[in-house]
Every structure is written in C-alpha cells, then in structure tokens.
Amino acid sequence: KSSSLKQKSKKEELNASNQKEEKPQVVETVISEAIENVKEPSNNINSDIKTSVSVLVPEVKDLSAKRQDVTGENVSPSTIQLPESVIVKKEASLDPLKTDLGEGSIPPKEEETSSPAAKGPKKIDYIGTQTDGSLLSAALPVSIKLPEDVLYWVPVFGEPLVRNFVNSDWKMREQALSNLHRLLNSSKWIKLNRTEDAWKCIYDLLSRSLKDKVAPLYYASLDLLALAICEFATHLPLPPIHEGLDIVLPLVLHRVGNNNARIQESSIQSILNLLDSSRGVSAASIPQVVGQILSPVPGKVNANGILISPQFVGRLNLLAALIDREILHRDSQENTSVSLRNNIVTPLNDTNNDTVPSITTPPPQSSIGDADSTPLANFLPSDKVLAFVRPCLDNPDDKVRQSAVRVIVRLYCWRRLYGETLAPEK
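If you're wondering where the values come from, they're calculated on a predicted model, not measured in any experiment.

Q: Which residues make up the side chain of N193, and what values do they have?
A: Examined against the element boundaries, N193 turns out to sit in helix α9 (residues 187-193). For N193, a relative accessible area of 16% corresponds to the buried category. A polar contact of 2.8 Å, which involves the side chain of N193, links it to the backbone oxygen of W189. If near-sequence neighbours (up to four positions away) are discounted, N193 is found in contact with V156, A198 and F232.

Q: Give me the pattern of salt bridges: which residues, what numbers.
A: For side chains of opposite charge, pairing can occur when their charged atoms come near one another. Tallied over the full model, the rule gives seven salt bridges. In this structure, R208 and D149 form a salt bridge, with 2.9 Å as the shortest nitrogen-oxygen distance. With R208 in helix α10 (residues 196-209) and D149 in the loop between α5 (136-139) and α6 (154-157), the pair connects residues that are 59 residues apart, well separated along the chain. Residue classification places R208 among the partly exposed residues on the basis of a relative accessible area of 32%. Of the residues examined, D149 reaches a relative accessible area of 42% and is grouped as partly exposed. The residue D212 makes a salt bridge to R173 at a minimum N-O spacing of 3.0 Å. Taken as a pair, D212 in the loop between α10 and α11 (215-232) and R173 in helix α8 (residues 170-184) lie far apart in primary sequence, 39 residues in all. This pair shows no difference in class: D212 is buried, exactly as R173 is.

Q: Please give an account of the environment of V150 that cites residues and values.
A: Looking at the secondary structure, you find V150 in the loop between α5 and α6. Accessibility expressed as a relative area gives 1% for V150, which makes it buried. Once the C-alpha coordinates of V150 and V162 are considered, the two residues, 12 residues apart in sequence, prove to be 7.7 Å apart. If sequence neighbours within four positions are ignored, V150 has contacts with V162, V166 and R208.

Q: Got a sec to walk through the environment of L236? Specific residues and values, please.
A: Structurally, L236 can be placed in the loop between α11 and α12 (238-256). Owing to a relative accessible area of 11%, L236 belongs among the buried residues under this scheme. Spatially, the C-alpha atom of L236 lies 8.7 Å from that of W199, the residues being 37 residues apart in sequence. When sequence neighbours within four positions are dropped, the list of residues in contact with L236 reads R194, T195, E196, W199 and I241.

Q: I'd like a rundown of the packing of aromatic side chains, residues and numbers included.
A: Overall, the coordinates contain six aromatic pairs when judged by the stated rule. Relative to F157, the ring of W153 has its centre 6.3 Å away and its plane inclined at 75°; by these criteria the two rings are edge-to-face. Take W153: its relative accessible area is 0%, and that puts it in the buried class. Taken together, the aromatic side chains of Y152, W153, F157 and F165 make up a single cluster linked through ring pairs. Above the plane of the ring of Y218 lies R255, whose end atom (NZ or CZ) is 4.4 Å from the centre.

Q: With reference to specific residues and values, describe a negative patch on the surface.
A: Together, E196, D197, E243 and D246 line one region of the surface with negative charge. Put simply, the parts of the chain that give the negative patch at least two residues each are α10 and α12.

Q: Describe in detail the nonpolar core, supporting the description with residues and values.
A: The biggest cluster of nonpolar side chains holds 78 residues, and the ones touching the most others in it are F157, L184, F232 and L380. Per-element accounting of this core gives the leading share, 10 residues, to α11.

Q: Outline helix α16 (residues 382-389), listing residues and values.
A: Along α16, the residues classified as buried are S382, V385, L386, F388 and V389. Down the axis, α16 shows its buried residues gathered within 160° of arc, on one side only. Opposite the buried face of α16, by more than 90 degrees, sit the exposed residues K384 and A387.

Q: Requested: an account of the packing of α16 against helix α17 (residues 398-417), with residues and values cited.
A: Remark: α16 packs on α17, axes separated minimally by 10 Å, with the N-to-C direction vectors making an angle of 170°. As judged from the angle between their axes, α16 and α17 are roughly antiparallel. Only A404, V407, I408, L411 and R415 of α17 make contact with α16, whose side of the interface consists of S382, V385, L386 and V389.

Q: Please set out α12 residue by residue, giving values where relevant.
A: Taking 1.5 Å per residue, 19 residues should reach 27 Å; α12 reaches 26 Å between its end C-alpha atoms and fits that length. Along α12, the largest kink reaches about 30° and is centred on D246; proline P250 follows within four residues of it. Along α12, the residues classified as buried are P240, I241, H242, G244, L245, V248, L249, L251, V252, L253, R255 and V256.

Q: Break down the packing of α10 against α12 for me, with residues and values.
A: Across the interface, α10 lies against α12 with an axial gap of 9 Å and an inter-helix angle of 5°. Judged by the inter-axis angle, α10 sits roughly parallel to α12. When α10 is examined against α12, the residues E196, W199, Y203, L206 and S207 are found in contact with a partner set consisting of P240, I241, E243, G244, I247, V248 and L251. In terms of residue class, the contact of α10 with α12 is built from eight nonpolar, two polar and two charged.

Q: Outline the side chain of H242, supporting the account with residue identities and numerical values.
A: The topology assignment puts H242 in helix α12. Apart from the residues within four sequence positions on either side, H242 is in contact with A284, S285 and Q288.

Q: A description of the confidence of the model for the protein should follow, citing residues and the corresponding values.
A: The pLDDT averaged across the protein works out to 73; a share of 58% of its residues lies at or above 70. For the stretch residues 85-105, pLDDT sits under 50, and the model shows 33 contacts to residues farther than four places along the chain or on other chains. A low-confidence stretch, residues 336-374 (pLDDT under 50), is modelled with 72 contacts involving residues beyond four sequence positions or located in other chains.

Calculation rules
Residues numbered from 1 in each chain as written. Predicted model: local features only at pLDDT ≥ 70, side-chain atom pairs only at ≥ 80, totals over all residues. Heavy atoms only, no water. Helix = DSSP H or I, 4+ residues; strand = E, 2+ residues; numbered from the N terminus. Buried < 20%, exposed > 50% of the residue type's maximum accessible area, 1.4 Å probe, protein only. Polar contact = N/O pair within 3.5 Å; in protein donor to acceptor, adjacent residues only side chain to side chain. Contact = heavy atoms within 4.5 Å. Salt bridge = Lys/Arg side-chain N within 4 Å of Asp/Glu carboxyl O. Phe/Tyr/Trp six-rings, centres within 6.5 Å; stacked < 30°, edge-to-face > 60°. Lys NZ or Arg CZ within 6 Å of the ring centre and 35° of its normal. Patch = residues over 30% accessible without salt bridge, like charges linked within 9 Å, V, L, I, M, F, W, Y side chains within 5 Å. Areas by Shrake-Rupley, 256 points an atom, 1.4 Å probe, with all protein chains shown as cover. Lys, Arg positive; Asp, Glu negative; His and termini not counted. Charge placed at Lys NZ, Arg CZ, Asp CG, Glu CD. Core = buried A, V, L, I, M, F, W, Y, C linked by side-chain atoms within 4.5 Å. Arc of directions from axis to C-beta. Axes fitted to C-alpha atoms, helices over the stretch in contact; angles between N-to-C directions. Parallel < 35°, antiparallel > 145°, perpendicular 65-115°, else oblique. Expected span 1.5 Å × (residues − 1). Bend = angle between axes of the 7 residues up to and from the residue. Nonpolar A, V, L, I, M, F, W, Y, C, P; charged D, E, K, R; others polar. pLDDT = per-residue confidence, 0-100.

Right, dumping it as structure tokens:
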C-alpha cells in the first residue's frame, strides 16, 4: 500500500511538471510537423530540419531522463512514437534525429536532378497557387473587336489608335486623342492624308469624343477641333467642311449650356476661335457658324406658351461674348465713347437735335473672318439677334432675363458704332 502511494505521488509530480513546462507535447508536435513537411525530401528541407531539430535534442534527452526516474523505463530519443500518418518511405525519408546526430543526408532522387523541363516546380519552391503556365493565355486581356462603323478609320489613323479610342477605359481614349493631336501637328501626315475621306474620319471621331462625359476628353476634343479646322481643312472644298461643321457645332453648342462653368467657358471660347480670322474658318464658312449660334434652342413649352430650356443662358452668354469682342476690337482702333466696363452708353440723340450723328469714317476690318472679308455686322444682323433674344425677356428664369438684357445692351453699343439705330419698339 505504501509503495502504491509513493508511485502515485511520483506520477502526480510528473503530471505537474508536464503541465508547468509543457515541453514533451511541444517536442512531439514539432517533430511530427517536421516529418510531415519532408514527405518529399530535398536538400534545402533536410538542412533546415537539421538546424531546427538540433535545438530540440537536449529537451528530448531531458524528457527521457525524467521518465526513467519516474517509471523506471529507459526511454531514448529514438523510441518516441510518431503517428503512422507521418511515416514515410525509407528511400524517400530522412530521420531528423539521425541528421541531428551528424549522420549524412540522403542524396536527392534521380528525377530531382533531371532537367527543369521534365518536372514542374515543387510546392516548396514558391509561394502562391501552382500553375504550369497553361492558363496564362486565358489571363491575358481579350482583343477588342472593332465596331463596323469605325473600320474605315483604320487606313487613316492606324489600328492601334482606333482600338484605343473604342476602349472602355477613358485613359486609353485620352491616349488615342493625344496620338491624333500628334498626327494633326505633323505636316508630313497632313500632306499624305489631306483628302475628303480623311476629313470625314476626323469629324466623325470628333462627333463621338465631344459627347464623352469625361471632362478632360472633352477639352482635348475642343483642341482637336481647332487644330483640324486650322491645319487640315484649309485647302478642302467648302461642302465637306460645312458638312463637318453641321455635325460638330451642335455638340459644342449643347455644352455651352452646361452647368459646369469651366465646360461652358471652354465651349464659348472654342466657337469664338472658329470665327477668328487667324485660326478659324474662312469667310465663306462664317455664315454657317453664325447660323448655328442663332439656331433654335431645344426645350419644352410651359402652360403659358413660353419655351423653357437650360441652354438659354449659355447661348446668350455666347452672343454677348461675341459682340463684346467686336466692340473691343473696334473700340481699340477708334476711341469711341462707349464704356464697356460700366455699361455706360452715350445717348444717340442730342437734347437740342433729333438727328442721329453719323459716322463718316469707314469702319475698320472686323476681327472676324479673313482680312478681305466684310465685317461681322453683315453676318450677324441685328434683326436676327433681336428675334432670338426677344422671347428670352419673358422667360420666368431671372438669369435668362438678365442675360437677354445684357445682349441687347451690347448689341445697341455695337450697332451704334456702324451708324445703325435700334428702334425702341424692337
């Protein structure tokens, strides 16, 4: 009875020691995991195991000594039982304990020394999902199929530019517009491609890019429009030029009524540049541009029969900017008494004389049109401007009415420079 009590106390001390140090469980777990990882041995793994297991040998020896003291059994490191699931074949395994004791490692198999092409990479050689490269082609982006309505662009611009333009990524479309800008700046390319078919490709592309909702692409399209008119279309017949303007200008005029101030300002400046004699259309094309400016504004009619449209303010601002530029151009040459800054206008009729003073000096050339063209006054008659502006005075929107009044005041100042009076009833 006393011997059984002593044996029981020794077992309790052993359990307390195991719970305190927990080294036997750690040793068995580490060795099991080490052997599990070397089911497919390689020289690198063997050397790593040799280094890691050498740290555990003192712990294993200490564990066998404690068990021998408690149970009287002679436990050596080589008698530790491992799970059957981690036992590997003799010819393909390496005893980590024997490796730690200094015995030589097993040389690699013949198949490991064969050429890399004979066998793919092993799982231990890299991090990530295994692949033999067969799915590489599937990971590449699918080639974009060009729409049929842009295939005729390819001989003019090249297939890479066209593919970038129809790409859904706006940065690729921006790259396409940048490449087209480079082409239009090349005199060699213009000389080889200055045909009506190439001009059709250009304004067809612009008709799509000017509808782009990405603002940087719209600004780039405005630059391309000015460059195409100034550099490419100068020696083309008028009919194809007017055909392109009829398609492109309504898109720019639509953006003139945009709520974004920068987009509106850029659109107005683009149309003014088209009417510039140094970098715009020829005098024969000015009526085409002016006709688009005074074209009806799309909108809805309210219950009172008044046309309501968000485009009115932008269109009126365009007219005011156009007339302002003409007044400033004339004012810089003639020193008139019109003050644009304060909108102060010298009365036409003198208090003691009902006659209207006439301007005997012939009017100088306008900044609009070519050097030999007639002034803009002949292309933008006051009756057509008033017919466009007069309905805006009855618009319920306060901004529209103020813009309309501003246009009428500037029109009055401008026409007075040419000796024309506006009747109050108009």
